[in-house]
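What follows is each chain in one-letter form.
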Amino acid sequence: MLNKYNFNHFIAYNCVLLLVIEFSVVTVDRFDKALLTALQRYGRISNVELASLVNLSESACLRSVRALEEKGLIERYVALLDQKEVGLTGTVFVQIALSREGQSELAAFEKEVQSIPEVMECYLMTGEFDYLLRLVISDMADFERLHNEALTRLPGVARVNSSVAIRTVTKTTELPLA
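Below or above, wherever it landed, is the structure these notes cover. (Residues numbered from 1 in each chain as written. Predicted model: local features only at pLDDT ≥ 70, side-chain atom pairs only at ≥ 80, totals over all residues. Heavy atoms only, no water.)

Concerning the sheet that holds strand β2 (residues 119–124)
- Here 4 strands make up an open sheet; going across it, the order is β2-β3-β1-β4 and the pairing antiparallel. Each of the sheet's edge strands pairs with one partner strand only, and the pair in question is β2 and β4 (157–164). Averaged over all adjacent pairs, the angle separating strand axes in this sheet is 20 degrees, with direction ignored.
- Sheet analysis places strand β1 (residues 90–98) next to strand β3 (residues 131–137), joined by 7 bridges and oriented antiparallel. Looking across to β3, one finds that T91 is bridged to V136.
- Taken strand by strand, helix α6 (residues 140–149) contacts β1, β3 and β4, and its axis lies near 140 degrees from that of β3. (Pairing = 2+ DSSP bridges. Helix = DSSP H or I, 4+ residues; strand = E, 2+ residues; numbered from the N terminus. Axes fitted to C-alpha atoms, helices over the stretch in contact; angles between N-to-C directions. Contact = heavy atoms within 4.5 Å.)

This is the structure:
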């Protein structure tokens, strides 16, 4: 018989099940975690060095890395550039509110914002503003140009609020693997 307790338990169980299906978390063993951690830190490490670091044979290490790539855990390999050394000395966080939040307005904004090379990250947000952007700039004149020629001309923009970072306290690309 379905009572209030059973129903709540049923709903809670099914919500957890749906979350697992929605996010489809891939399980990894301790060797996979060690490989992923090492590759996040030392992207150009050779297979021989990687195998030694995680205590696997070279062939097992190579097979494991290829399997992680095939599973989609390793998206791609990149070189991380020094932002200041390439002349992009500033970071600006920009909050953007749209005049309307329909699917077509969101899609139009998201398509156009991707064409601005200085936008390093863009997040759809909850709260007062719809989007949070992280921009890199060479100087304040560069930001003024971006603000006037790109950001305020994006589809549906109603408000723009900007905060200039004084300095970076911590920054990493390494995901924590528990």
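Having seen the model, we can carry on.
So, helix α2 (residues 30–41)
- The terminal C-alpha atoms of α2, which comprises 12 residues, lie 17 Å apart, in line with the 16 Å expected from a rise of 1.5 Å per residue.
- Taken as a whole, α2 has its buried residues at D32, L35, L36, A38 and L39. Buried residues along α2 cover an arc of 165 degrees about the axis, so they all sit on one side. In this structure, α2 carries R30 and R41 as exposed residues pointing more than 90 degrees from its buried face.
- On the buried face of α2, the contacting elements are α3 (47–54) and α4 (58–71).
- One side-chain oxygen of the residue at the start of α2 lies 3.0 Å from the amide nitrogen of F31, identifying that residue as D29. (Expected span 1.5 Å × (residues − 1). Buried < 20%, exposed > 50% of the residue type's maximum accessible area, 1.4 Å probe, protein only. Arc of directions from axis to C-beta. Polar contact = N/O pair within 3.5 Å; in protein donor to acceptor, adjacent residues only side chain to side chain.)

Notes on the environment of E101
- In this structure, E101 sits in the loop between β1 and α5 (103–113).
- Residue classification places E101 among the exposed positions, given a relative accessible area of 55%.
- Ignoring sequence-local partners within four residues, the contact set of E101 consists of L106 and D130.

What about the packing of aromatic side chains?
- By the definition in use, this model includes 1 aromatic pair.
- We note R30 situated over the ring of F31; from NZ or CZ to the ring centre the distance is 4.3 Å. (Phe/Tyr/Trp six-rings, centres within 6.5 Å; stacked < 30°, edge-to-face > 60°. Lys NZ or Arg CZ within 6 Å of the ring centre and 35° of its normal.)

Describing unusual backbone geometry
- If you check the backbone angles, N55 has positive phi at about 60 degrees while not being a glycine.
- Structurally, N55 can be placed in the loop between α3 and α4.
- Given a relative accessible area of 65%, N55 falls into the exposed group.

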